[in-house]
Amino acid sequence: MRPVHTALAVLVAAVWGFNFVVIEIGLDHFPPLLLSALRFLVAALPAVFFVGRPKAAWKWIIGVGIALGVAKFGLLFTGMDAGMPAGLSSLVLQIQSVFTAVLAAVVLRERPGRVRVLGMAVALAGIAVAAVDGGTSGPVLGFTLVVAAAACWGVSNVLTRKAAPPDALNFMVWVCTVPVLPLLALSLLLEGPERDLAALRALDWSGAAVIGYVAWVATVFGFAAWSYLLRRYPASAVAPFSLLVPVFGMSSAALVLGESVSGLRWLAAVLLVGGVALTSLAPARAVNRTGVGSGVSAGSPPAAAAASPVPSGSPRTSGAAAPRSG
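All of these numbers come straight from a predicted model, not from anything done at the bench.

The rules we used
Residues numbered from 1 in each chain as written. Predicted model: local features only at pLDDT ≥ 70, side-chain atom pairs only at ≥ 80, totals over all residues. Heavy atoms only, no water. Helix = DSSP H or I, 4+ residues; strand = E, 2+ residues; numbered from the N terminus. Buried < 20%, exposed > 50% of the residue type's maximum accessible area, 1.4 Å probe, protein only. Salt bridge = Lys/Arg side-chain N within 4 Å of Asp/Glu carboxyl O. Core = buried A, V, L, I, M, F, W, Y, C linked by side-chain atoms within 4.5 Å. Patch = residues over 30% accessible without salt bridge, like charges linked within 9 Å, V, L, I, M, F, W, Y side chains within 5 Å. Areas by Shrake-Rupley, 256 points an atom, 1.4 Å probe, with all protein chains shown as cover. pLDDT = per-residue confidence, 0-100. Contact = heavy atoms within 4.5 Å. Phe/Tyr/Trp six-rings, centres within 6.5 Å; stacked < 30°, edge-to-face > 60°. Lys NZ or Arg CZ within 6 Å of the ring centre and 35° of its normal. Axes fitted to C-alpha atoms, helices over the stretch in contact; angles between N-to-C directions. Parallel < 35°, antiparallel > 145°, perpendicular 65-115°, else oblique. Left-handed = near helix turned anticlockwise from the far one by under 90°. Nonpolar A, V, L, I, M, F, W, Y, C, P; charged D, E, K, R; others polar.

S.K.: Mind showing me how you'd approach unusual backbone geometry here?
M.R.: A negative phi holds for most residues other than glycine; trans holds for most peptide bonds. The linkage connecting Leu45 with the following residue, Pro46, adopts the cis geometry, with an omega of 5°. Structurally, Pro46 is set in the loop between helix 2 (32-44) and helix 3 (58-81). Even without being glycine, Ala164 reaches a positive phi, approximately 45°. Looking at where Ala164 falls in the secondary structure, it is placed in the loop between helix 7 (140-163) and helix 8 (168-177). For Ala164, a relative accessible area of 32% puts it in the partly exposed group.

What follows is the structure, encoded as structure tokens:
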């Protein structure tokens, strides 16, 4: 990769990692489900008027919008609101790679090789260490909700792989339109109209900056830049930079929010990032109708960006190209 493109890849990873800190700040201004709804609303408008008509079937746009936008981000924001630290959230969310590989084996019949199985085992060991650390420094409920969010991200990855949209940016923008109304309805039902209205009435420059960052910087800019890199370079060259997301997430949370990073958390980071690298970068063998491995390198289904973080989706960007965002 050219130096300028390497710098761009690192910048996107930094943007996505810092997004967890911004979400944490945003939760001081908005209830979690309302914040998630506003994120997608601002990300979709006015972008939806510039990307053209959807280029993928509506069933996939709606499916990914529900799995990724409503379930994944709803659970993530709620877990962080329940006390899950931003840095630890950026790390634990990477277990989505294991969920994706398992679901791909069941649904897409992508047979994991030995290296990928080893990667899943190492990543699960990292989650176990993170759970021990989280159990001593944070709420169990928040940790569980973030793990559930990672599982929902895995579902959205498989749906995106099935959709194989020809235009990743077009697909992402239209996916962003789906979660807005369901999240607003859930917010009114679970968080209450009084709390939502109070948060909107109290909107200040800080709250507006949070929404702007998570919607336009982390989602629109981050995904557009990532898609640009994937059009110019092989997925295997771009994907490793996504492993920097939890590094930036934990570092920025320590610097900005004063979160402590224990020895156990660093051990969990090493295990989880290493396991995700093995799981994402190792090829899987697709099984044909006769049940014989075809030898096609399938890789892990593409993920979406976050913090975050949305699916890449095109056939060229399959495999290790999955962004790990918040």
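Next comes the rest of the description.
S.K.: When you look at the pattern of salt bridges in this model, what are you seeing that I'm missing?
M.R.: Pairs can form between side chains of opposite charge once their charged atoms are near each other. For the structure shown, the criterion picks out 1 salt bridge. Put simply, Asp167 and Lys55 hold a salt bridge, and the shortest N to O gap is 3.3 Å. Residue Asp167 is located in the loop between helix 7 and helix 8, and its partner Lys55 is located in the loop between helix 2 and helix 3; the two are separated by 112 residues in the primary sequence. Among the residues examined, Asp167 registers a relative accessible area of 24% and is labelled partly exposed. By relative accessible area, Lys55 is classed as partly exposed at 46%.

S.K.: Could you clarify how one ought to interpret the nonpolar core in this entry?
M.R.: Soluble globular proteins tend to pack their nonpolar side chains together in the buried interior. Counting residues in each nonpolar core, the largest one holds 87 residues, and the members touching the most others are Leu76, Val92, Leu93 and Phe171. Ranked by residue count, the leading element in this core is helix 11 (residues 205-232), at 11 residues.

S.K.: Help me understand a nonpolar patch on the surface, please; the structure alone is not making it clear to me.
M.R.: There is a patch of nonpolar side chains on the surface, built from Leu41, Leu45, Phe49 and Phe50 and spanning about 470 Å² of accessible area. For Leu45, the location among the structural elements is in the loop between helix 2 and helix 3.

S.K.: Is there a simple way to think about the confidence of the model for the protein chain in this case?
M.R.: Low-pLDDT stretches of the model should not have their predicted coordinates read in fine detail. Confidence along the protein chain averages 82 in pLDDT terms, with 83% of residues attaining 70 or more. Confidence, read as mean pLDDT per element, is least for strand 3 (residues 293-297) in the protein chain (33) and greatest for helix 9 (residues 180-191) (97). In this model, residues 287-324 is a region of pLDDT below 50 whose contacts with residues beyond four sequence positions or in other chains number 159 contacts.

S.K.: Just to check I follow, could you spell out helix 5 (residues 96-108) for this structure?
M.R.: An α-helix turns once every 3.6 residues. As a result, residues three or four positions apart point the same way. Turning to helix 5, its buried residues are Gln96, Ser97, Val98, Thr100, Ala101, Ala104 and Leu108. Of the residues one or two after helix 5, Arg109 is the one with positive phi, at around 60°.

S.K.: Please clarify how the side chain of Ser36 should be interpreted in this entry.
M.R.: Structurally, Ser36 is set in helix 2. Judged by relative accessible area, which is 0%, Ser36 ranks as buried. Setting aside residues up to four positions removed in sequence, Ser36 forms contacts with Gly69, Phe73, Gly74, Phe77 and Leu183.

S.K.: Just checking my understanding: could you explain the packing of aromatic side chains for this structure?
M.R.: Each pair of aromatic rings is reported with the distance of its centres and the angle of its planes. Scanning all chains against the criterion turns up 5 aromatic pairs. A ring pair is formed by Trp16 and Trp226, whose centres lie 5.4 Å apart and whose planes are at 50°; its orientation type is tilted. Placement of Trp16 in helix 1 (residues 3-26) and of Trp226 in helix 11 is noted, with a sequence separation of 210 residues between them. For Trp16, a relative accessible area of 0% gives the class buried. An angle of 80° between the planes, with centres 5.7 Å apart, marks the rings of Phe18 and Tyr213 as edge-to-face. Residue Phe18 is found in helix 1, and its partner Tyr213 is found in helix 11; the two are separated by 195 residues along the sequence. A cation sits over an aromatic face here: Arg39 above Phe40, 5.6 Å from the ring centre.

S.K.: In this structure, what is going on with the packing of helix 3 against helix 7? I would like to understand it.
M.R.: In a pair of packed helices, the angle between the axes and the distance between the axes together describe the arrangement. Interaxial distance between helix 3 and helix 7 falls to 8 Å at its minimum, and their mutual angle equals 165°. When the axes of helix 3 and helix 7 are compared, the pair comes out roughly antiparallel. Relative to helix 7, helix 3 is oriented so that their crossing is left-handed. When the residues that make up the contact of helix 3 with helix 7 are grouped by side-chain class, the tally is 16 nonpolar, 6 polar and 2 charged.

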